[in-house]
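Chain residues, written in single-letter form:
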Amino acid sequence: MSIQVLIVDDDQVVVFLHKTIVSRSSLSANPTTFISGRKTLEYLDTHHRSGDKFLVLLDINMPMMNGWELLEEISKKSYANDILVAMVTSSINKLDKDRVKEYPQVIEYIEKPITLEICEALAKHPSLSELLGIIS
Amino acid sequence: MTMMEHECSSVLVVEDNEGDFLLVSEFLKEAFPKVVITHKKRLIEAERSLNEQTFDVILLDLTLPDSNGLESIDHIAAVANHTPVIVLTGFSEKDFGIRTLSKGVSDYLLKDELSVSHLYKSIIYSIERKRIGLRLVQSEENYKALFQMSPLPTWVMDLESHQFLHVNEAAITHYGYSEGEFLSMTVHGVQATPTTSNDHWPDSVAFGLYDGLTKHKTKSGRVIQVQLQSNLIEFKSKRARLVIATDITDEIQNRQKIVHYNQRLQTAQEIGQLGYWELNLRTNEVYWSEEAYKILGRDARELLTSEQFYQIVHSEDLAQFKQARADLLNGNLEHDVEYRVMCNDGNIKHIFQRTSVVNDEKQNPLRLEGIIQDVTERWNYIKEIEDQNLKLKDIAWIQSHVVRAPLTRLMGLIRIINDPSDLQLDRAQLLDEVLNSAYELDVIIREIVKKTEQIENQTTNL
């Protein structure tokens, strides 16, 4: 069992920052990055194999397809249960925070900027720790 | 009339001559087979008999041993009561005969000319005439009682002099004058404003009936409004007018009060911009107050039934409106509803309506009544505030996402730049990104300040 980490953000600088930090953490040495929801969905559709698990670090505010819309699309897929999502956003708006509860895939709500400490805490999340081989 | 009604069953014959009595009694029996004849020869006996019993008719001979001519007539008439008296005489004397008729005698018959049919006719006519006469007396008494007992002031006035000739009890009570005072006055004496004979009484003969309104003054000086109804009559052989006066002072005052209340109600509705309406559930007819028409922006003729009203209610609100009405008829006593109506000028108005049910004595719904109020202004105001709230939410969201985006980027960048362990980093490029993020943040803050100013301007315009 393994898990692949995807970083999704329309901001190139943020993608660079997140990739740098995540790769230093125990989440993933080599995360895959995307700058749009559409590209992420295409990747999942073509690369998903039975038994694969994905952790998506998902930005909310993106053009064309925002984080919520991507979540909706993923919910309709046959592999919906293989996707775990951590919403990563600059938003400190309560409405966004509350909305997280509507999606079973979402395991965490993270306020930017991501830090190494946040990544390590996430790695110890019950639904992740086993997949990552971490003994908490 | 049948013969039976004309039957004469008892006759008193006052006659001293046996031969004449025989003749008369034969004729009587032939004319009235069942007749009972009482025969008296003297006036005194006849009087005694009349005191003891009554007869259908009295046949009186004028030459009696104890009385004669007019004297006999006077005596008999005094005790005859209502029984007709027919005089029988042996000689023709026209003047005398006529004089006897005025004394109360019904007929005057010559013995020489007597026959069965003659006698029959005379008796029948006499009885019938008496009966009619009695009825007239009776009905005159009834009319007198009606006049006196009428609760409405009633009087008889002379057609020429306008003098009061007769007044009833109600007139005396209502006007305060005694009967004597009335009879010494003309009708102009009770007029509140001075009148001449031609003012109120159109030409006496030409108009049998006269109805009119006038003002009278009672003895105490109180002015009353009266409705007069009158008719021409003959009173004690004079041409006169019978007048009934109805005091309508209270009625007029009440009518004025109602008009006054209605005006106040209408003013109150105008000030409060409240319209009143009623729906008769039996006829489906609707009443709308003036103000209600104004509120609905409609003409009175367009909204006579519920169906016509439904046509102006906004189609999206119609279901809710009908549901509210159904609830009312199912036992809810009062209901508030808000809906939109389409005005003739194309505008949409927002209406608040409070409706209540009026039941009949069997607790069945009889009608609906309610008020309507134009709440368009209030509604627009609320709408505007809601719009503003949306804009404010928008600002809050922008602040949360857009403002914090470059900010969090700055925080992340500086953290990495500050990490001394990472030797591969191009710090100069990262510092460029720091500057870009700072500029981006500045643009966003300016944008927010601009939006907030727009809302402030709108608020002051409200």
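Before reading on, note that the structure itself is shown above.
About the cut-offs
- Residue positions within a chain follow its written sequence, with the count starting from 1.
- Each chain is given a letter, starting from A, and each ligand a number, starting from 1, according to the order in which they appear as written.
- Predicted model: local features are reported for residues with pLDDT of at least 70 only, side-chain atom pairs are reported and counted for 80 or more only, and whole-chain, interface and lining totals are derived from all residues.
- Side-chain numbers here rest on the full set of heavy atoms in the structure, without hydrogens or water.
- Here a helix means four or more residues in a row that DSSP labels H or I, a strand means two or more in a row labelled E, and each is numbered from the N terminus.
- With a 1.4 Å probe rolled over the protein chains alone, any residue whose accessible area is under 20% of its type maximum counts as buried; one over 50% counts as exposed, and the rest are partly exposed.
- Contacts: residue pairs with any heavy atoms within 4.5 Å of one another.
- Definition of nonpolar core: a set of buried residues of the types Ala, Val, Leu, Ile, Met, Phe, Trp, Tyr and Cys, connected through side-chain atoms within 4.5 Å.
- Expected span, for any helix, means 1.5 Å times one less than how many residues it has.
- In protein, a polar contact requires one atom able to donate a hydrogen and another able to accept it; more generally it is a pair of N or O atoms within 3.5 Å, and residues adjacent in sequence count only if both atoms are side-chain atoms.
- With a 1 Å grid spanning the protein atoms alone, the term cavity applies to any set of points in which a 1.4 Å probe fits but cannot get out, the term pocket to an open set with protein on both sides within 12 Å along at least five of seven lines, and the term lining residue to any residue with an atom within 4 Å of a point.
- Grid points are joined across faces, edges and corners, and a volume is the space filled by probe spheres set on the points.
- Residues were grouped as follows: Ala, Val, Leu, Ile, Met, Phe, Trp, Tyr, Cys and Pro as nonpolar; Asp, Glu, Lys and Arg as charged; and all remaining residues, including Gly, as polar.
- If DSSP finds at least two bridges between two strands, the strands pair.
- Inter-axis angles, ranging from 0 to 180 degrees, are taken between N-to-C directions of lines fitted to C-alpha atoms, where helices are fitted over the stretch in contact.

A look at unusual backbone geometry
Then step 1. Along the chain, A:Lys112 connects to A:Pro113 via a cis peptide bond; the corresponding omega equals -5°.
Then step 2. Tracing the backbone shows A:Pro113 in the loop between β5 (106-111) and α5 (116-123).
Then step 3. The phi angle at B:Asn81 is positive, at roughly 60°, despite the residue not being glycine.
Then step 4. Among the structural elements, B:Asn81 can be located in the loop between α3 (69-80) and β4 (85-89).
Then step 5. Classification of B:Asn81 by relative accessible area gives exposed; the value is 60%.
Then step 6. Of note in this structure, B:Asn284 is not a glycine but carries a positive phi near 65°.
Then step 7. One can find B:Asn284 in the loop between β11 (274-280) and β12 (286-288).

Some points on the side chain of B:Asp61
Residues and elements named next belong to chain B.
Then step 1. Relative to the helices and strands, Asp-61 resides in strand β3 (residues 57-61).
Then step 2. Asp-61 sits in the buried class, given a relative accessible area of 2%.
Then step 3. Contacts of Asp-61, omitting those with residues within four sequence positions, involve Val-14, Glu-15, Asp-16, Leu-88 and Lys-111.

Description of the nonpolar core
Residues and elements named next belong to chain A.
Then step 1. Ranked by internal contacts, the top residues of the largest apolar core, which has 28 residues, are Leu-27, Leu-55, Leu-57, Leu-122 and Leu-128.
Then step 2. Ignoring any residue separated from it by four or fewer positions in sequence, one finds Leu-57 in contact with Val-5, Leu-6, Ile-7, Val-8, Val-22, Ala-86, Val-88, Ile-114 and Leu-122.
Then step 3. Counting 24 residues, the second-largest nonpolar core is a separate cluster that includes Val-8, Leu-58, Met-65 and Val-106.

Quick notes on helix α1 (residues 12-24) of chain A
Residues and elements named next belong to chain A.
Then step 1. Compared with an ideal rise of 1.5 Å per residue, which puts 13 residues at 18 Å, α1 spans 19 Å between its outermost C-alpha atoms and is within 8% of the ideal.
Then step 2. For α1, the complete set of buried residues consists of Val-13, Val-14, Val-15, Leu-17, His-18, Thr-20, Ile-21 and Val-22.
Then step 3. Taking the backbone nitrogen of Val-13 as reference, a side-chain oxygen 3.0 Å away marks Asp-11 as the first, capping residue of α1.

Points about empty space enclosed by the protein
Residue and element names in this part refer to chain B.
Then step 1. Throughout the structure, instances matching the rule amount to four cavities of 30 Å³ or more.
Then step 2. For the largest cavity, the full set of lining residues is Trp-277, Leu-279, Val-286, Trp-288, Ser-306, Phe-309, Phe-321, Arg-325 and Gln-353.
Then step 3. Every element with two or more residues in the lining of the largest cavity is listed here: β11, β12, α11 (306-310) and α12 (315-329).
Then step 4. Per-class residue counts for the lining of the largest cavity are six nonpolar, two polar and one charged.

Here's the deal with the sheet that holds β12(B)
All names here are of chain B.
Then step 1. Here five strands make up an open sheet; going across it, the order is β12-β11-β15-β14-β13 and the pairing antiparallel. One side of each edge strand has no neighbouring strand; the edge strands of this open sheet are β12 and β13 (334-342). Averaged over neighbouring strand pairs, the angle between their axes works out to 25° when direction is ignored.
Then step 2. Across three bridges, β11 lies against β12 in antiparallel orientation. Following the sheet pairing, Leu-279 is matched in β12 by Val-286.
Then step 3. Contacting β13, β14 (348-359) and β15 (365-374), helix α13 (residues 376-417) runs over the sheet at an angle of about 125° to β14.

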